[in-house]
Amino acid sequence: MRLKDKVVIVTGGNQGIGRDYSLRFALEGAKVVICARKLDTSQQVVDEIKANGGEAMALKVDVSNEEDTKMMAKKTVEKYGKIDVLLNNAAIYSGLSMQPWDTITPEEWDWVFSVNVKGQWLTMKAVVPYMKQAGKGKIINTASTTMLMGIPFLLHYAASKAAVMGLTRCASAELGEFGITVNTICPGLTLTAASTEMPGQPPGLAEFVASMVHLKRNQQPTDLVGPALFLASDDSDFMTGQLVAVDGGMALH
Ligand SMILES: NC(=O)c1ccc[n+]([C@@H]2O[C@H](COP(=O)([O-])OP(=O)(O)OC[C@H]3O[C@@H](n4cnc5c(N)ncnc54)[C@H](O)[C@@H]3O)[C@@H](O)[C@H]2O)c1
C-alpha cells in the first residue's frame, strides 16, 4: 500500500497507459480521480476500481480549458480533502497520423500544443494552490522518447513533449520551496491502441522497435506503472526536475 490515503489525479486515466496507472494506484491505496473528456470510459475504470474494493471518481475535464482544470482541482478537494499527486498523462496522441513535418497544418500544431503543453501547465496551475497550502505535493508530467531520439514524422508531437521538459524544470525551480516536486516520465513506444492503430506508420514498426530496445521486446503500459508509482510515492521525495526515461534502453541509440 505505497499510496495509502493519497489523493491522486490521473488525467487521461480512462484508457491506454492512464487506465493502468489508475487501476494500480487504487490497488496501492490511493483515492484516484480520473479526468478525461469522456465520462463513460472514465466511469468504467471507476467501477472496476470500486469492484476491487478501491476508491475513485470520474470527472469530465478538457485539460486545455482553464475552467475545467479549476473545477477538477476544486471537486477533488471537495470530495477527498486534498491533492497529493497530479499525474499529467493526458495528451493528443491517439488521433495523430505519422506524416512529414511540412504537411502538418497550423491548426493541428495548435491542437497538439493546446493539450500537450498548455494542458499540462493548466492542470499544474490548478492543483498547486492546494499543494502549497498542504506544504507538499507531487507532479508527474509525461513526455516521450520521440523528442529524445528525434523520431521522424511526428514533429509537432515530439516538439510538444520537448516543451514538457521545460515546464517540468522551470516549475521544479519555482515550486521546490513549497515542498512540491515536479518530474517527467518519458515512455518509449508503448503498445496501446493509440500507438498500434496510428495511421501512417511504416509496416513492422513495433517489431523494429522491439529489436532496438535493449530488453528485446515491446513496451507494455504496465512497464510504466512501477516507475510512476515510485515518482508518486514518498520514496522519491528528494527527486525533482528530473526526466525518467522508461523505454527499455531504446533512447540510448
Ligand atoms: N503509447 C506510446 O507509445 C507513448 C509513447 C510515449 C509517450 N506516450 C504518452 O503517454 C500518455 C498516454 O499515452 P496512450 O498511449 O495511453 O495514449 P492515448 O491517446 O490512449 O491516451 C491519451 C489520453 O489523454 C486523454 N485526452 C486527450 N485530450 C484530452 C483533453 N483535452 N483533456 C483531457 N484528456 C484528454 C485521452 O482521452 C486519453 O485518455 C500520453 O501523454 C502520450 O503522449 C505514449
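Here we summarise the structure given alongside this text. Note that the coordinates shown come from a computational prediction; the quantities given were computed from them, not determined experimentally.

## Quick word on the sheet that holds strand S2 (residues 31-36)
Then, number 1: An order of S3-S2-S1-S4-S5-S6-S7 is seen for the 7 strands of this open sheet, with the pairing classed as parallel. In this open sheet, the two strands that pair with only one neighbour each are strand S3 (55-60) and strand S7 (243-246). On average, each strand axis in the sheet is inclined to that of its neighbour by 20°, with strand direction left out of account.
Then, number 2: Relative to S2, strand S1 (residues 7-11) runs parallel, the two sharing 5 bridges.

## Topic: the packing of aromatic side chains
Then, number 1: Counted under the stated rule, the structure contains 3 aromatic pairs.
Then, number 2: Here Trp109 and Phe113 contribute two aromatic rings whose centre-to-centre distance is 4.6 Å and whose plane-to-plane angle is 15°, an arrangement assigned as stacked. Here Phe113 and Trp109 lie together in helix H4 (residues 106-116), a separation of 4 residues that amounts to about one turn.
Then, number 3: Above the ring of Phe178, the side-chain terminus of Lys132 is found at 4.3 Å from the ring centroid.

## Remarks on the layout of surface pockets
Then, number 1: By volume, the second largest pocket amounts to about 200 Å³.
Then, number 2: In this structure, the second largest pocket is lined by 14 residues; those nearest its centre are Lys136, Gly137, Lys138, Asp234 and Asp237.
Then, number 3: Split into classes, the residues belonging to the lining of the second largest pocket amount to 4 nonpolar, 3 polar and 7 charged.

## Concerning the packing of helix H3 (residues 66-80) against helix H5 (residues 118-134)
Then, number 1: One can describe the packing of H3 onto H5 by two numbers: an axis separation of 8 Å at closest approach and a directional angle of 35°. Our pair here, H3 against H5, has a crossing hand that is right-handed. Listed contacts from H5 to Glu66, Thr69, Lys70, Met72, Ala73, Lys74 and Val77 of H3 are Leu122, Thr123, Lys125, Ala126, Val127 and Tyr130.
Then, number 2: For the contact of H3 with H5, the residue count by class is 7 nonpolar, 2 polar and 4 charged.

Rules behind the numbers
- Residues numbered from 1 in each chain as written.
- Predicted model: local features only at pLDDT ≥ 70, side-chain atom pairs only at ≥ 80, totals over all residues.
- Heavy atoms only, no water.
- Pairing = 2+ DSSP bridges.
- Helix = DSSP H or I, 4+ residues; strand = E, 2+ residues; numbered from the N terminus.
- Axes fitted to C-alpha atoms, helices over the stretch in contact; angles between N-to-C directions.
- Phe/Tyr/Trp six-rings, centres within 6.5 Å; stacked < 30°, edge-to-face > 60°.
- Lys NZ or Arg CZ within 6 Å of the ring centre and 35° of its normal.
- 1 Å grid on protein atoms, 1.4 Å probe; cavity = no way out; pocket = protein on both sides within 12 Å on 5 of 7 lines; lining within 4 Å.
- Points joined across faces, edges and corners; volume = space filled by probe spheres on them.
- Nonpolar A, V, L, I, M, F, W, Y, C, P; charged D, E, K, R; others polar.
- Left-handed = near helix turned anticlockwise from the far one by under 90°.
- Contact = heavy atoms within 4.5 Å.

Shape is all these values report; function is a separate question.
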